[in-house]
Every structure is written in structure tokens, then in C-alpha cells.
Amino acid sequence: MFSTADTIVAIATPPGRGGIGVVRLSGPDARSIAGALRGTDIPLEPRRATFSRIRSSDQSIDHAVVTCFPAPNSYTGEDVVEISAHGSPVILRAIVAASVANGARLAEPGEFTLRAFLNNRVDLTQAEAVADLIDAVTPLQARAAFDQLEGTLTQRIAQLDATLFDLIARLEASVDFPEEGYHFVESDELLASLDRLLEHVSALLSDGRRGRMIREGLQIAIVGKPNVGKSSLFNALAGADRAIVTSMAGTTRDLITEAVDINGLRVTLIDSAGLRTTDDVAESAGVGLARKAIGVADAVLLVVDGSNPLDDCDVDILRETADCKRVVVANKCDVREEIRGGFLRVSAKTGAGLQQLRDELTDVLDVEPNRDQPAITNLRHVMLVEQAHEALSRARTGFADRAKSLPEEFILADLQSARAALEEISGRRAPDDLLAHIFARFCVGK
Ligand SMILES: Nc1nc2c(ncn2[C@@H]2O[C@H](COP(=O)(O)OP(=O)(O)O)[C@@H](O)[C@H]2O)c(=O)[nH]1
Ligand SMILES: [Mg+2]
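Below or above, wherever it landed, is the structure these notes cover.

Procedures and definitions
- Residues numbered from 1 in each chain as written.
- Chains lettered and ligands numbered in written order.
- Predicted model: local features only at pLDDT ≥ 70, side-chain atom pairs only at ≥ 80, totals over all residues.
- Heavy atoms only, no water.
- Helix = DSSP H or I, 4+ residues; strand = E, 2+ residues; numbered from the N terminus.
- Contact = heavy atoms within 4.5 Å.
- Buried < 20%, exposed > 50% of the residue type's maximum accessible area, 1.4 Å probe, protein only.
- Axes fitted to C-alpha atoms, helices over the stretch in contact; angles between N-to-C directions.
- Parallel < 35°, antiparallel > 145°, perpendicular 65-115°, else oblique.
- Left-handed = near helix turned anticlockwise from the far one by under 90°.
- Nonpolar A, V, L, I, M, F, W, Y, C, P; charged D, E, K, R; others polar.
- Near = heavy atom within 4 Å.
- Polar contact = N/O pair within 3.5 Å; in protein donor to acceptor, adjacent residues only side chain to side chain.
- Pairing = 2+ DSSP bridges.
- Right-handed = clockwise from strand over helix to strand, strands pointing away.

**Digging into the environment of Val65**
Reasoning step 1: With respect to the helices, strands and loops of the structure, Val65 is situated in strand 4 (residues 60–69).
Reasoning step 2: Sequence separation of Val65 and Glu258 is 193 residues, and the distance between their C-alpha atoms is 41 Å.
Reasoning step 3: Setting aside chain neighbours within four positions, we find Val65 in contact with Ala49, Thr50, Glu82, Ile83 and Ser84.

Here's what the structure looks like:
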């Protein structure tokens, strides 16, 4: 389905104007097309930035720096030429058009990285990491994506795969030479190996929750009774006046969301209507939405008014959210202190206590990543590792019950399907429609 026979071209830098804009060519004709654009037969020296005048058939377009990366030592594994011109969309489009006139084809989204994958420059998890790295909004997201790009997950999966491969080979030998019994694989040893594998796979999964929170971000609902300063805190954490703040109770009705960076985590804050019983139809709909937000959020930021004693309404909400991951803050600590007890004291007005609040939020979310352990950040990977885990557990149960003379072929089949799941992660077995789906997420030029 995917052809790498032709030469593709795209603008690699983001839309808009900048000091430099880059047009990238990849494929067998990249160098000759670059020659046509430069109007010379003198070949580009590998990896040497060369100042060139770029022209279309009828006119000069720009002065540019052209660099050639011959196959296989390039991003895609093919001949690649990068043309760094002035960053004007008009100029960059003209260079792309001139490339097409000389035989290139416009690249599809993600096609450069797809070619890197097809040419074995990267595996599928690394290709996915490129998209994540480009999409990263917080430094922590960028770090997790970069770790994956460096191949930490690739290596880990490869280790598991190698162990499985060895087990399967020995078990197959036993099946093929039944008179030898389990000569090639002692049953205790096989059970022990399976247990070790299961342990490693479980460890990957347990870190998957953290990894996904880093990559996908998470949601925190700000709740409390009316007028305690939820919207003010929302604005303070967002660093912008997004929600309306008034001294009137019941101002906020819709859910207002804003993506913010909390200690490197990408968090969507949800401001909601104050939880109280009310006859106002719109406000009561807002209260319903607030309750839903509590239900879906990864954590709750419960706000009480620190300048007034707790009342029944506060106590109800404290009880209602008792089972949630939550941080309770006593806001308006700039006024006076009425509430004692374990609440964190903050002021949306002065900013007091806000950094401590961010720290407590990241603590309850418990996502601090473990550097020594590759984090699975991607739902596709999580699901496949889960599949592998299930298949391994089945194999283990089957093997432990061998007294009931379950044929080895059954165990083998389970081990094979565990292996198939792992290989789909790395892309060693990846159907074309899966690849198309993954690379469609990229933007053009990547
Ligand atoms: N002194 C003081 N007033 C605050 C603070 N936070 C909010 N307020 C005031 O409390 C009132 C209600 O704030 P708002 O954010 O709309 O509360 P919400 O109904 O919980 O969203 C407004 O008059 C705010 O100016 C604070 O930290 N200190
Ligand atoms: Mg409000």
C-alpha cells in the first residue's frame, strides 16, 4: 500500500512567517530535483550547508541554504534534501511548486516519518514519539516523548519479546520430539520464566497509568459552594481572566475549561457552578454539570471560604467528595482565618499558597514519572501490553494445569499471541490500516 518509490516534498516548518522556513525533499530524485532548483549539475556535498540561489523555471525565488543527507544516513533513510529559505509562506510554497514541477509529489501527513519507519530507521513507538514530541505542551510531556524516541520502550519490548521467543522455541522443540518429554524445557523452569515475564509486563502496565496521564493530560474539577472563590482560583491557576468573578452567588453556570501546566503536567481545569440547591433553572442545570464533572475528573479541588466558618453546605460537599482524589483549600486567607484544621490556606487574590496547591495537586494525582522505567504513554500500547498479559496468564494457568494433560500446543498458541501483541507495539507486525491511522495524526512535513 505504501510506496517509497517516488520523491516527496513538503514545507517542514509551521505555517506562518519566520526568519527561516524549511522545505524538505525525500526520495530517489531528491538530489536531482535540488540540482534543478539550484540550476546546476554540481552535486551537493553530503551534509554540507551550501548557499544557493533557488529558482523555478522562469524566475529566481530566494537565497537559501541547501543541505543534502544521502541515504541511508538521513531522517527517512532515503536521500533527503533540506532547503532553508526565508520563512515566508509565499516563498516556501513557490519552492514546493518548483519541486513538484521537477517531479516531486506533495507529501501526505506524517509521510517522512512513515518512510523512516518503513526503512527501519525507527520502530513504530519511536515514530509515534515524534508526533508526541511535536505535540508536547509541557516539559514533562516532551521528556516522556523524547525517552520513547530514544528507544527506551523499544528496548524493553524487545527484551520481553526475546525471552518469549526463547520459551516458544524450546517448547516447540519439546512438542516436535515428544519422546524426549519436556527435555528442552523443565516445567519448573518454564513456570519461573513465565512468572518473570508476567512480572515485567505488569510493571510496564502499572506505570502506564502515569504515562498516559502525562501524555493525554488530566482533568481537575474545582468545586465548592457558591462564592468561595472557585472562579477566582481557576483564573489564578490559568494565569488569565477566563471565568467571570462576582460577589454574587451563582454566577458560574456552564463548565468552563482551560488547559494549564501544573508542575509540568497538562491539566484541564474545570470551573463549575457552586454546589447548592436552587430554584433557578439555569443554575440548577449548572449544578448538575458540576456533579458530572466531579464524576469524570481525575481529581477534585474543593474550595471552602477560609474567612468564614464551615457551614452545612461545605460539610455536605466534603462528604460528597470524600472518595475522590482531592485537595481541599481554604481560600481568602488574605482576609482572616476562621477555619482551622488540615486545609491548605490559599488566596486567589494575593496568590499566597498557590505553588503549594500545585504541589499538592500533583501529589494526589501521583504521576511523578519514574526515570528508570520506560513509561507507556499511549493507549494503543497499553491495550496491546494488556493483551500480552492476558495471553501469558492463560499460558501460565494452562501450564500449571498440565497434570490435566492440556496439550502443549495450547500453551504455545497463547505464547504466540502474547508475542504477536508485543510485535504490534513495535510495528514488526502492523497492518497497513493501523499505520495509516497512526500517521494520519501527524501534520504535513513531519
Ligand atoms: N479577599 C478575597 N476575596 C476573594 C478571593 N477569592 C475570591 N474572592 C472574592 O469572592 C467573591 C466570589 O468569587 P468567585 O471567584 O466568583 O467565587 P465562586 O462563586 O466560587 O466562583 C468575589 O467577590 C471575589 O472577588 C480571595 O482570595 N480573597
Ligand atoms: Mg464561579
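**Focus on helix 3 (residues 111–118)**
Reasoning step 1: Buried residues dominate helix 3, accounting for 7 of its 8 residues.
Reasoning step 2: Of the positions making up helix 3, those classed as buried are Glu111, Phe112, Thr113, Leu114, Arg115, Ala116 and Phe117.
Reasoning step 3: Tucked into the core, helix 3 has its buried residues touching strand 1 (8–11), strand 2 (18–26), strand 6 (105–106), helix 4 (124–135), helix 13 (408–426) and helix 14 (432–440).
Reasoning step 4: Remark: Asn120 follows helix 3 within two positions and exhibits a positive phi of approximately 60°.

**Re the packing of helix 7 (residues 187–216) against helix 12 (residues 379–400)**
Reasoning step 1: Contact geometry of helix 7 with helix 12 gives a least axis separation of 9 Å together with a crossing angle of 160°. Judged on the interaxial angle alone, helix 12 and helix 7 are roughly antiparallel. When you trace helix 7 past helix 12, the crossing you get is left-handed.
Reasoning step 2: In the contact of helix 7 with helix 12, the residues fall into 15 nonpolar, 4 polar and 5 charged.

**What about the site of ligand 1?**
Reasoning step 1: Around ligand 1 there are 16 residues in total, and Asn227, Lys230, Ser231, Ser232 and Asp334 lie nearest to it.
Reasoning step 2: Between an oxygen atom of ligand 1 and a main-chain N or O atom of Val228, the distance comes to 3.3 Å.
Reasoning step 3: At 3.1 Å, a backbone N or O of Lys349 approaches an oxygen atom of ligand 1.
Reasoning step 4: Looking at the shell around ligand 1 element by element, the count peaks at 3 residues for helix 8 (residues 230–238).
Reasoning step 5: Looking at the shell around ligand 1 residue by residue, the classes come out as 4 nonpolar, 8 polar and 4 charged.

**Focus on the side chain of Arg419**
Reasoning step 1: With respect to the helices and strands, the residue Arg419 is situated in helix 13.
Reasoning step 2: Those residues in contact with Arg419, other than ones at most four positions away along the chain, are Asp161, Leu164, Phe165, Ile168 and Arg428.

**Structural notes on the pairing of strand 11 (residues 326–331)**
Reasoning step 1: Across the 6 residues of strand 11, 5 count as buried, placing the element largely inside the fold.
Reasoning step 2: For strand 10 (residues 299–305) and strand 11, the ladder comprises 6 bridges, and the chain directions are parallel. Within the sheet, the bridge partner assigned to Asp305 lies in strand 11 and is Asn331.
Reasoning step 3: Crossover handedness for the path strand 10 to helix 10 (residues 312–320) to strand 11: right-handed.
Reasoning step 4: Pairing geometry for strand 11 and strand 12 (residues 344–345), over 2 bridges, is parallel. Bridged to Ala330 within strand 12 is Arg345.

**Looking at the sheet that holds strand 12**
Reasoning step 1: Strand order in the open sheet made by the 6 strands is 8-9-7-10-11-12, with mixed pairing throughout. Since the sheet does not close on itself, it has two edges, and those belong to strand 8 (256–262) and strand 12, each with one partner.
Reasoning step 2: Pairing of strand 7 (residues 218–223) with strand 10 involves 4 bridges; the strand directions are parallel. Bridging across to strand 10, Val223 finds its partner in Leu302.
Reasoning step 3: Seen against the sheet, helix 9 (residues 281–296) touches strand 7, strand 9 (265–271) and strand 10 and runs at an angle of roughly 140° to strand 7.
Reasoning step 4: Sheet contacts for helix 11 (residues 354–365): strand 7, strand 8, strand 9, strand 10, strand 11 and strand 12; angle to strand 11, the most-contacted strand, approximately 160°.

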